[in-house]
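Inside the fold
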Amino acid sequence: MAVTMNDVARAAGVSLKTVSNVLNDYEFIRPATKKRVQDAIAELGYEANLTARSLRSGKTRMLGLVLSDLSAPYYAELASRLMKAASRRGYRVLVEQSDAAGEVELNALQGPFRQLTDGLLFTPLVIDADTIAARLGKKPLVLLGEHILDPRFDLVTMKNGEAAAALTAHLLAGGRRRIAVIGAHPDESAGSAGLRLNGYRKALDEAGVPFDPALIAPCDWRRDNGAAAVAGLLDGGVEFDAVFGLNDVLALGAMHELLIRGVHVPRDVAVAGFDDIDEARFASPSLTTVSPGMEEIAERSIGLLIDRIEGREAEGQAAHIEAGFQLEVRESAPQVS
C-alpha cells in the first residue's frame, strides 16, 4: 500500500498542513518540526505525487534553460552554476539544447517544454524579439547574453565591450602593438563577438594605436578554428605580437598552434582569451583571460526568474543586469612591471 501524507503526519506527530508546508519548502517553519517530518518521510519511504501537486498549485518548481551548445565549455559551466543556484532555492532545471535551430527555440516558448516549467532562462540565437513577444505567454522569461537587447524582456548579461577593452589595454601595457583578434563575426555589432571587437578597437584608439583589419581573423568559436586562424595569419605573413581570442577555446586553439610551430608564448606572442573556463587555469602556459562574472550571472538570473514566478518582483519595467568582470592575469600574457 502506498504511503500517504496522512501517514507521514501521524508518524511525525504533526498536522497534514505541516507536512504540506515541509514538502513545499515553506520558509516559516521551525527546524525541529521540519526535521521530524523529513525523518518520517525517510523512514516511511514517502514519495510525493509531483503531478498532483503541480495540478493543485499550478506550479512545477521546474525552470527551463535553453542554451545553444552544451559541448561549449562556457555554456556547460554556466548550466552547472544555474542548476546549483536553482537547487539552493528549491527548484530544478530542465535543459534544452537548441543547436541554434529556430524550430527548437520556438518550441521552447510554446511547446511541452514550456508547459513543464514555471519560467524560462533563454539564450536565443535565431528568433527575434518580436517573435518572442508574440509567443511568450504569461510565464516569466529571463534572457541570457546579448543577442537580444529589448526593453520588454528581463536580461542578465556581461560587460562584453568594457571587459574586452580592459584586456586589450592589458596587452598594450605589456608593450604589444600588433594584437590579432580571433573569432570576429563580420557585420555583427550587438552579439558577443561584435561587442568584444568594439571594446578592442576602443582600447586601441585610446592608446593611439592604429586599427589594422589584417589582424582580424573571422571564424566560429571552436578550438580548431582558433588554431586554423592563427595558422592563416602565420602562413599569410601577417606580423603580430599578441592574440586575443574572443573566447577561451579560440585562445587555447591559437596557443596550441603557436607552440607546435615553435613560437614561444608569451615571449614571442602573448595570448589572451575571454570566459575564464576551468581549462584556462590548467593550460600550459596558463591562460590570461576575462572572468565575466559567471557566478553572478547564475545567481542573479535565477534569483530574478524565481522572484518573478513567486510574485516578489512586480510586473512592469524589465530588469537589465550586467555582471561585473575581472582580468585573470596568468602566464600566457603576464603583467609587465
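The structure this text deals with has already been given above.
Everything in this summary refers to the structure shown in the same document. (Residues numbered from 1 in each chain as written. Predicted model: local features only at pLDDT ≥ 70, side-chain atom pairs only at ≥ 80, totals over all residues. Heavy atoms only, no water.)

Right, let's talk about helix H12 (residues 248–260) for a bit. Between its first and last C-alpha, H12 extends 18 Å over 13 residues, near the 18 Å set by a 1.5 Å rise per residue. Buried residues dominate H12, accounting for 10 of its 13 residues. Taken from the residues just after H12, Gly262 is the one with a positive phi, measuring 80°. (Helix = DSSP H or I, 4+ residues; strand = E, 2+ residues; numbered from the N terminus. Expected span 1.5 Å × (residues − 1). Buried < 20%, exposed > 50% of the residue type's maximum accessible area, 1.4 Å probe, protein only.)

Strands pair in a sheet through their backbones, by hydrogen bonds, and they do so in one of two ways: parallel or antiparallel. Here we have 6 strands laid out as an open sheet, ordered E2-E1-E3-E4-E5-E11, and parallel in their pairing. Two strands in the sheet have a free side with no partner beyond their single neighbour: strand E2 (92–97) and strand E11 (320–323). If you compare each strand with its neighbour and ignore which way they point, the axes differ by 20° on average. Of the strands in this sheet, strand E1 (62–67), E2 and strand E3 (119–122) are in contact with helix H6 (residues 102–110), which crosses E3 at around 155°. (Pairing = 2+ DSSP bridges. Axes fitted to C-alpha atoms, helices over the stretch in contact; angles between N-to-C directions. Contact = heavy atoms within 4.5 Å.)

If you trace the backbone, Ser337 turns up in the segment after strand E12 (326–328). Ser337 gets classed as exposed once you look at its relative accessible area, which sits at 98%. Taking C-alpha positions, Ser337 is 9.3 Å from Ala173, a pair spaced 164 residues apart along the chain.

Our focus in this paragraph is unusual backbone geometry. Following Val265, the chain continues to Pro266 via a peptide bond in cis, the omega torsion being 10°. For Pro266, the location among the structural elements is in the loop between H12 and strand E9 (270–272). A cis amide bond links Ser284 with the next residue in sequence, Pro285, at an omega value of 0°. The phi dihedral of Arg61 is positive, around 55°, even though this residue is not glycine. You can see Arg61 is positioned in the loop between helix H4 (50–57) and E1. In this structure Arg61 comes out as partly exposed when scored by relative accessible area, which is 21%.

Everything listed here is a matter of geometry and, on its own, says nothing about what the molecule does.
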